[in-house]
Amino acid sequence: MMIKITTPLTTEVIEKLTIGDEVLLNGIIYTGRDAAHKKLFELLEKGEELPVDLKGQILYYVGPTPAKPGRVIGSAGPTTSGRMDKYTPRLLDYGLKGMIGKGLRNKEVQEAIVRNKAIYFAAIGGAGALLSKTIVKSEVVAYPDLGPEAIYRLEVVDFPAIVVIDARGQNLYEVGPEKFRKE
Amino acid sequence: MRILDVKQIESAVKSMVVNANQKLSPDVFGALQQAEKSEESEVGKKILQRVIENAQIAANEELPICQDTGTAVIFLEIGQEVHLVGGNLYDAINNGVRAGYTEGYLRKSIVKDPLNRVNTGDNTPAVVHIDIVPGDKVKITVAPKGGGSENMSQLKMLKPADGVEGVKQFVIDTVRQAGSNPCPPVIVGVGIGGTFEKAALLAKKALLREVGSKNPDPLYQSLEAELLEKINKLGIGPQGLGGRITALAVHIETYPTHIASLPVAVNLNCHVARHETVIL
């Protein structure tokens, strides 16, 4: 069953979601990957304002390809989330509510998700052409000098994702493969 | 002696980097369709359907299949009867990469220095491997390689006493530890033998083989089949969410080695296994 969700996320909506749920995201999401995370983290550590208010928002770990003429964005699939693990607990404690990426998170991130009643979605890695079709608007809102790693504000319509770590700390990357393991 | 202008290589590289990023070769596409049929997990099946649909959209609309359009890894086999003229070969290759990645709207993912990390802005330099072979042809293979799967690759210097069991264990452990990160179903390139650097190159070259093709040596052919079966019993499945299809293929390449050594390299490729070859 597909669950429609509109951003920004509220704790009430997040608490209803459980691992394995397929969602269709609607509204604004922000992009951010390695270099942007480093900058955001350093600002928070210094007690300074972020260039984008991420409270209640979702960060999508993506570095899209450049848009061809006439298109909103190029290919835009998720990148490996684990590289952001070092910075994520700090962002969640600050107020970030959700993340979209692919792959495992470490223990600290999982604990920060539970502590802050946040959520982690997976999008299909390598399906950047398909996912780009759900992005209807795109603009760079911070760090344009970072090129593909700049922070974009994206407007999405029915962006498909799967809940992989829920607010109770259940993890589909652990539970899913266990069902099919044969040794 | 055949005269070949490096401009021809430049122009071939330019169109190949774009094409390889937009169109999955039929062997990979076929392997994904086969995987979709045999996957037992409902979620896994749905993911594979979307992956196939993604490849079709990319080909039809000339979009990159994946946003990670990769490091431009380029293999050349240059016939020793060829005389290259018209400039520096490496410059020609990099000019081709620069033009293809820029004009083809591909993502530029290369940073100039691994620690200072400033983007070069044009995806150069390429990683180039050259072999001199008999004949008067130049064979160019372009294999854009994404960071997600490359990061999960490993190399280990085993002891000869570790033998085939040690090799199997290392390959399986590498895939297990990689889990969802390299965008399974993966293609597993294994290089056994040679030296430290040779094993890594063998593993990378193993990824260029047609997906599902078999090593001609019966020993390695059966090892490929056994490893594929064991990997698919791990349960990792498409995107690591559980399922039967964790790998589409295991390809092993070997080389003679030192009496003291047993190097093994595992290079993982995501399901977007891009490679394209032309012969000039």
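Note that the structure is predicted; figures quoted are calculated from it, not measured.

Caption draft 1: Here's a closer look at the overall build of chain B. What chain B contains, in helices and strands, is eight helices and ten strands. Reported as C-alpha extents along the three principal axes, the dimensions of chain B are approximately 55 × 50 × 40 Å. A total of 280 residues make up chain B; the buried ones form 54% of that total. Put simply, 81% of the contacts in chain B that link residues at least 6 apart link residues at least 24 apart.

Caption draft 2: Expanded view of the side chain of T246(B). Residue and element names in this part refer to chain B. Here T246 shows up in the loop between α8 (218–232) and β8 (247–257). Relative accessible area serves as the criterion here: at 1%, T246 is assigned to the buried category. A distance of 3.4 Å separates a polar side-chain atom of T246 from the backbone nitrogen of I236. Contact partners of T246, with chain neighbours within four places excluded, come to V175, P184, P185, V186, I231, N232, G235, I236 and G237.

Caption draft 3: Expanded view of the sheet that holds strand β7 (residues 186–194) of chain B. Residues and elements named next belong to chain B. Judged by pairing direction, the sheet is mixed, and its four strands sit side by side in the order β6-β9-β7-β8 without closing on themselves. Every other strand in the sheet has two partners, leaving β6 (154–158) and β8 as the edge strands with one partner each. Taken pair by pair, the neighbouring strands of this sheet meet at an average axis angle of 15 degrees, ignoring direction. Both β6 and strand β9 (residues 262–269) contribute to a ladder of five bridges, which runs antiparallel. Its bridge partner lying in β9, Q154 is registered against V266. Sitting on the sheet, helix α6 (residues 163–178) is in contact with β6, β7 and β9, with an inclination near 30 degrees to β9. α8 rests against β7 and β8 of the sheet, and its axis sits at about 140 degrees to β8.

Caption draft 4: Up close: unusual backbone geometry. Following T7(A), the chain continues into P8(A) via a peptide bond in cis, with omega recorded as -5 degrees. Looking at the element boundaries, P8(A) is found in the loop between β1 (2–6) and α1 (11–16). That bond from P184(B) to P185(B) is cis: its omega, 10 degrees, falls within 30 degrees of zero. In this model, Y143(A) sits at a positive phi of 55 degrees, which is unusual for a non-glycine residue. Counting through the fold element by element, Y143(A) comes out in the loop between β6 (135–142) and β7 (151–165). In this structure, D158(A) is a non-glycine residue whose phi angle is positive, near 55 degrees. Mapped onto the elements, D158(A) comes out in strand β7.

Caption draft 5: Spotlight on the UniProt feature "domain: Fe-S hydro-lyase tartrate dehydratase alpha-type catalytic" (unreviewed entry) in chain B. Under the UniProt annotation, "domain: Fe-S hydro-lyase tartrate dehydratase alpha-type catalytic" (unreviewed entry) lies at residues 11–278 of chain B. As annotated, residues 11–278 of chain B comprises 40% helix and 24% strand, and the C-alpha atoms at either end are separated by 12 Å.

About the cut-offs
- Here, residues in each chain are numbered from 1, in the same order as that chain's written sequence.
- The lettering of chains begins at A and the numbering of ligands begins at 1, in the order of writing.
- Where totals are concerned, whole chains, interfaces and linings use all residues; where local detail is concerned, this predicted model gives features only for residues with pLDDT of at least 70, and gives and counts side-chain atom pairs only at 80 or more.
- Each side-chain value is worked out from all heavy atoms of the structure, with water and hydrogens disregarded.
- Every helix listed is a DSSP run of H or I at least four residues long, and every strand listed is a run of E at least two residues long, numbered separately from the N terminus.
- Each residue's exposure class comes from its accessible area (1.4 Å probe, protein chains only) as a fraction of the maximum for that residue type: buried when under 20%, exposed when over 50%, partly exposed otherwise.
- Any two residues whose heavy atoms approach within 4.5 Å are treated as being in contact.
- Definition of a polar contact: a pair of N or O atoms within 3.5 Å, with one able to donate and the other able to accept a hydrogen when the atoms are protein atoms, and with sequence-neighbouring residues admitted only if both atoms are side-chain atoms.
- At least two bridges found by DSSP between two strands are what make those strands a pair.
- Axis definition: a line fitted to C-alpha atoms, over the contacting stretch in the case of helices. Angles run 0 to 180 degrees between N-to-C directions.
- UniProt positions are given in the numbering used here, feature names are shortened, and annotations may be inferred rather than shown by experiment.

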